Amino acid sequence: MGVIATSSFAKALWPGVNTWYGDAYAQYPVEWDKLFEKNTSRKAFEEDVGSSHFGLAVQKAEGAPVTYDTSRQGFTSRYNHVVYALGFIITREIYEDDQYDVVGKLKAQSLAFSMRQTKEIVAANVYNRAFNTSYLGGDGSTLIASAGGGGSASHPAIAGGTWTNGVATAVDLSEAALEQAVIDIAGFTNDRGLKIAVRPKTLIIPKELMFEATRILKAEGRTGTDLNDPNALKTMGMVPEVVVNHYLTDTDAWFLRTDVQNGLKYFERRGDEFGMDEDFDTENAKYKATARYSFGWTDPRGLYGSAGA
């Protein structure tokens, strides 16, 4: 355990320093809240449990009995709230002799910066691991399941059968890929194969794709052609919002978050809390920050994606 003493910041004890740098970098605006639906929790963990639906109605012959369908409990998604914490210790001497308040004030700001970055990375990792078979959801599949996505081949349906929420063949972001993704999403069904109304609401991309996404979605006409065809994606408003996330690690993976409820969820058990205490014997001051939360997904229909070609 390290202690910040006078030897750690010797220059802070003397006048003449023009400026201290390294703790005053700007941060990007909060990004994780564009990736998840926010919820609060008052329990050690939260569980979302699915249920099966009824199928189509059956033609009834005259005098024949009604056909009765059944329903049952489905897959369970558990959100285990994890505590994230960090702190630092300073001696009384450096606190007293610091000419610039660099150790107390700036390090407290740095602690807040670290807590913020931690949450962004934990959130983005749900997307970063969307095709990783080491991270499975309540249905035993990766978040994105498709024949060409690199993760699970499909999601199981509660009532039997399978379905996918990714491209058939891994493909880079393009006008054609986005159009096919919108078509695929429009074809989503419930676990009994009945059509459900689902629309994309956010295109989520890494910083490497922000220029390509702008060319695809902002142009009036189709990109890369000499035709006078309109840009159907823009004209029809099929992708209302583009979100660049700076914590995504795959430079060519892209995602469409849909308007399905109970898709990707964030549970806040305890928000950021900052505290300070003093050790009686050493007179050292301890500063700490803690938070308790969880990120995950319940219904994979809340996201569609491609790992890139």
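Please read all numbers here as calculations on a predicted model, not as lab measurements. (Residues numbered from 1 in each chain as written. Predicted model: local features only at pLDDT ≥ 70, side-chain atom pairs only at ≥ 80, totals over all residues. Heavy atoms only, no water.)

Looking only at helices and strands, one finds five helices and 12 strands in the protein. Taking all 309 residues of the protein together, 38% fall into the buried category. A sequence separation of at least 24 residues applies to 74% of the contacts in the protein between residues at least 6 apart. For the protein, the accessible area works out to roughly 17,200 Å², and carbon and sulfur atoms hold 52% of it. (Helix = DSSP H or I, 4+ residues; strand = E, 2+ residues; numbered from the N terminus. Buried < 20%, exposed > 50% of the residue type's maximum accessible area, 1.4 Å probe, protein only. Contact = heavy atoms within 4.5 Å. Areas by Shrake-Rupley, 256 points an atom, 1.4 Å probe, with all protein chains shown as cover.)

Strand-to-strand pairing in sheets goes through backbone hydrogen bonds, with the strands running parallel or antiparallel. Spatial ordering of the open sheet is given by 8-7-9-12, a layout of four strands whose pairing is mixed. The sheet terminates laterally at strand 8 (242–244) and strand 12 (303–306), the two strands that pair on one side only. Here the strands of the sheet are splayed against their neighbours by 20° on average, with no regard to which way each runs. Of the strand pairs in this sheet, strand 7 (residues 200–205) and strand 8 are connected by three bridges, and their pairing is parallel. Across the sheet, the residue bridging to I205 is V244, located in strand 8. This element, helix 3 (residues 175–186), spans strand 7, strand 9 (254–258) and strand 12 of the sheet and lies at about 35° to strand 9. (Pairing = 2+ DSSP bridges. Axes fitted to C-alpha atoms, helices over the stretch in contact; angles between N-to-C directions.)

Next up on the list: the packing of aromatic side chains. Within the structure shown, the criterion is met by 13 aromatic pairs. Where F36 meets Y127, the ring centres are 5.8 Å apart and the plane angle is 85°; that geometry is what we call edge-to-face. Here Y127 lies in helix 2 (residues 102–128) and F36 lies in the segment before strand 1 (37–40), a separation of 91 residues in the sequence. Both residues of the pair, F36 and Y127, count as buried. Plain terms: the ring middles of F88 and Y287 are 4.8 Å apart, the flat faces sit at 10° to each other, and that makes the pair stacked. Of this pair, F88 sits in strand 4 (residues 82–90) while Y287 sits in strand 11 (residues 285–297), placing them 199 residues apart in sequence. The exposure class of F88 is buried, given its relative accessible area of 12%. Cluster of aromatic residues (ring-pair linked, three or more members): W32, F36, Y84, Y127, F131, F255, Y266, Y293 and F295. Geometry around F45 places R78 over its ring, the cationic atom sitting 3.7 Å from the centre. The residue whose ring lies beneath R301 is W163, and the NZ or CZ to ring-centre distance is 4.2 Å. (Phe/Tyr/Trp six-rings, centres within 6.5 Å; stacked < 30°, edge-to-face > 60°. Lys NZ or Arg CZ within 6 Å of the ring centre and 35° of its normal.)

Glancing now at the pattern of salt bridges. Tallying each qualifying case throughout the model produces 13 salt bridges. Of the charged contacts, one joins K43 and E46 as a salt bridge, the two residues approaching to 3.2 Å between their closest N and O atoms. Using a relative accessible area of 46% as the deciding quantity, one classes K43 as partly exposed. (Salt bridge = Lys/Arg side-chain N within 4 Å of Asp/Glu carboxyl O.)

On to the confidence of the model for the protein. Summing up the model confidence of the protein, the mean pLDDT is 88 and the portion of residues at 70 or higher is 89%. Here helix 1 (residues 92–97) stands out as the least confident element of the protein, with mean pLDDT 78; strand 9 is the most confident, with 98. The low-confidence segment residues 16–21 (pLDDT under 50) makes nine contacts with residues lying over four places distant or belonging to another chain. (pLDDT = per-residue confidence, 0-100.)

Strand order across the open sheet formed by four strands is 1-10-11-4, with mixed pairing between neighbours. Every interior strand has two partners, whereas the edge strands, strand 1 and strand 4, have only one. Averaged over all neighbouring strand pairs, the angle between strand axes comes to 25°, with direction disregarded. Relative to strand 11, strand 4 is paired through nine bridges, and the arrangement is antiparallel. Of the residues in strand 11, the one forming a bridge with I89 is K286.

Turning our eyes to something else, we now look at helix 3. Between its first and last C-alpha, helix 3 extends 17 Å over 12 residues, near the 16 Å set by a 1.5 Å rise per residue. If you check which residues of helix 3 are buried, you get E175, A177, L178, A181, V182 and I185. One face of helix 3 carries all of its buried residues, which in axial projection span an arc of 165°. Facing away from the buried side of helix 3, by more than 90 degrees, are the exposed residues A176 and I183. On the buried face of helix 3, the contacting elements are strand 7, helix 4 (210–218), helix 5 (232–235), strand 9 and strand 12. (Expected span 1.5 Å × (residues − 1). Arc of directions from axis to C-beta.)

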